[in-house]
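Now for the letters of each chain:
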Amino acid sequence: MDAERPNLRVRLHRALDVQDALRLSRLNLVLIAAIVASVVVAVLDTEASISGPMQPLFRTLDGVFLLIFGVEYVTRLWIAPENPRYAHPVWGRLSWMVSPAAIIDLLALAPALIFAGATPAYLFRLFRLLRILRLAKLGRFSRAWGLMADAVASRRTELLLTLGAAGLIMLVSACLLYFIEGGIQPDKFGSIPRALWWSVITMTTIGYGDVFPVTGLGRMVAALTAIAGIGLIAAPTGILASAFSDAAQRHREALRAKTHAGETPCDPPSPL
């Protein structure tokens, strides 16, 4: 006898949840397209020469995006108990509502919900920039975000050590420049907090050029700080690259183990 067809809530959960899926459902592809389109509209809306003549179109698109993401939010709230973490029909949904992904979804909807139909104003335009948070929604559509989080977590000690070393070098170099250049350039190095601005832009190899030492000893300290900055800024890149490779390898091994054990690594393709 054929297996009973899953109900609508189960099928929607399989279509929207990509935790273990190997490919995206058509529904998720539509949502990704809507997210990208909404962010493009949000960016173009900040340019007066574009938003002025296209304001009616942008308002219509805002309404369409509000409808799409509003329905998505309500749907995800409805199907939340399908996830074992939110199994309880009441408390599970409340727990889902305070999860980071749900909060981002709600914040992305907030501008349209609060200022719908409002006349343009500075606060209105500023608050509407929250629409760009919809980009964060793409995180649930890619396993790479999970792998990156795993990579950061597995190397957090090394990353914190690098961050601490960078902070220590910035503080020491700021103190040295305060003592060396403070009397000569009090407006730039007259205090350690002022010298810290120079130290930060030097360590990060940005070097705006608005603050710089003029004495020989000060320039020597600046050179050593810049050289140290190159090494410390490059260190996290190597740490994260290695950790990401390890996380990806662990994920592949877990999928192979599921396959060998006769388990299905992903839900069957959804008709949605």
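Conventions used here
Residues numbered from 1 in each chain as written. Predicted model: local features only at pLDDT ≥ 70, side-chain atom pairs only at ≥ 80, totals over all residues. Heavy atoms only, no water. Salt bridge = Lys/Arg side-chain N within 4 Å of Asp/Glu carboxyl O. Helix = DSSP H or I, 4+ residues; strand = E, 2+ residues; numbered from the N terminus. Buried < 20%, exposed > 50% of the residue type's maximum accessible area, 1.4 Å probe, protein only. Core = buried A, V, L, I, M, F, W, Y, C linked by side-chain atoms within 4.5 Å. Contact = heavy atoms within 4.5 Å. Patch = residues over 30% accessible without salt bridge, like charges linked within 9 Å, V, L, I, M, F, W, Y side chains within 5 Å. Areas by Shrake-Rupley, 256 points an atom, 1.4 Å probe, with all protein chains shown as cover. Phe/Tyr/Trp six-rings, centres within 6.5 Å; stacked < 30°, edge-to-face > 60°. pLDDT = per-residue confidence, 0-100.

Engineer: How would you explain the pattern of salt bridges if you had to name every residue and give the values?
Structural biologist: One pass over the structure, following the stated rule, counts two salt bridges. As a salt-bridge pair, E82 and R9 come within 2.8 Å of each other at their nearest N and O atoms. With E82 in the loop between helix 4 (55-79) and helix 5 (91-97) and R9 in helix 1 (residues 8-16), this residue pair connects regions lying 73 residues apart in the sequence. Taking relative accessible area as the criterion, E82 reaches 25% and is therefore assigned partly exposed. The salt bridge partner of R76 is E72, with a shortest N-O separation of 2.8 Å. Taken together, the residues span about one helical turn, with R76 and E72 both in helix 4 at a distance of four residues. Assigned by exposure class, R76 and E72 land together as buried.

Engineer: I'd love a proper account of the nonpolar core, names of residues and values included.
Structural biologist: Core analysis: the largest hydrophobic core is formed by 12 residues, namely A34, I35, V41, F58, F65, F69, Y73, A80, Y86, W96, A102 and L109. Sorting the residues of this core by element identifies helix 2 (26-44), helix 4 and helix 6 (100-115) as the ones contributing at least two each. Element by element, the count of residues in this core is highest for helix 4, at four residues. If sequence neighbours within four positions are ignored, A80 has contacts with Y86, R93 and W96. Counting residues in hydrophobic clusters, the runner-up holds eight residues, among them A174, L177, W198 and V221.

Engineer: Please set out the environment of Q249 residue by residue, giving values where relevant.
Structural biologist: If you trace the backbone, Q249 turns up in helix 12 (residues 216-260). The spatial distance from the C-alpha of Q249 to the C-alpha of L147 is 9.9 Å, given a sequence separation of 102 residues.

Engineer: Break down a nonpolar patch on the surface for me, with residues and values.
Structural biologist: A cluster of nonpolar side chains, namely V90, W91, L94, M97, V98, I103 and L107, defines an oily patch on the protein surface of about 660 Å² accessible area. Among the elements that make up the nonpolar patch, the one with the highest residue count is helix 5 (three residues). Turning to its location among the elements, M97 is positioned in helix 5. Overall, M97 belongs to the partly exposed group, its relative accessible area being 34%.

Engineer: Give a description of the packing of aromatic side chains that names residues and reports values.
Structural biologist: The full count for this structure, using the stated rule, is four aromatic pairs. Between Y178 and F179, the aromatic rings sit 5.2 Å apart at their centres with planes inclined by 55 degrees, giving tilted as the arrangement. Using a relative accessible area of 30% as the deciding quantity, one classes Y178 as partly exposed. Judged by relative accessible area, F179 falls into the exposed class, the value being 66%. For the ring pair F189 and W198, a centre distance of 6.1 Å and an interplane angle of 65 degrees mean the geometry is edge-to-face. Exposure class is identical for F189 and W198. Each is buried.

Engineer: For the confidence of the model for the chain, give the residues involved together with the corresponding values.
Structural biologist: Overall, the prediction assigns the chain a mean pLDDT of 77, with 76% of residues at 70 or greater. Of all helices and strands in the chain, the one with the weakest mean pLDDT is helix 7 (residues 122-128) (51), whereas helix 5 scores best (89). Confidence drops under a pLDDT of 50 for residues 118-123, and excluding neighbours within four residues, the segment shows six contacts in the predicted structure.

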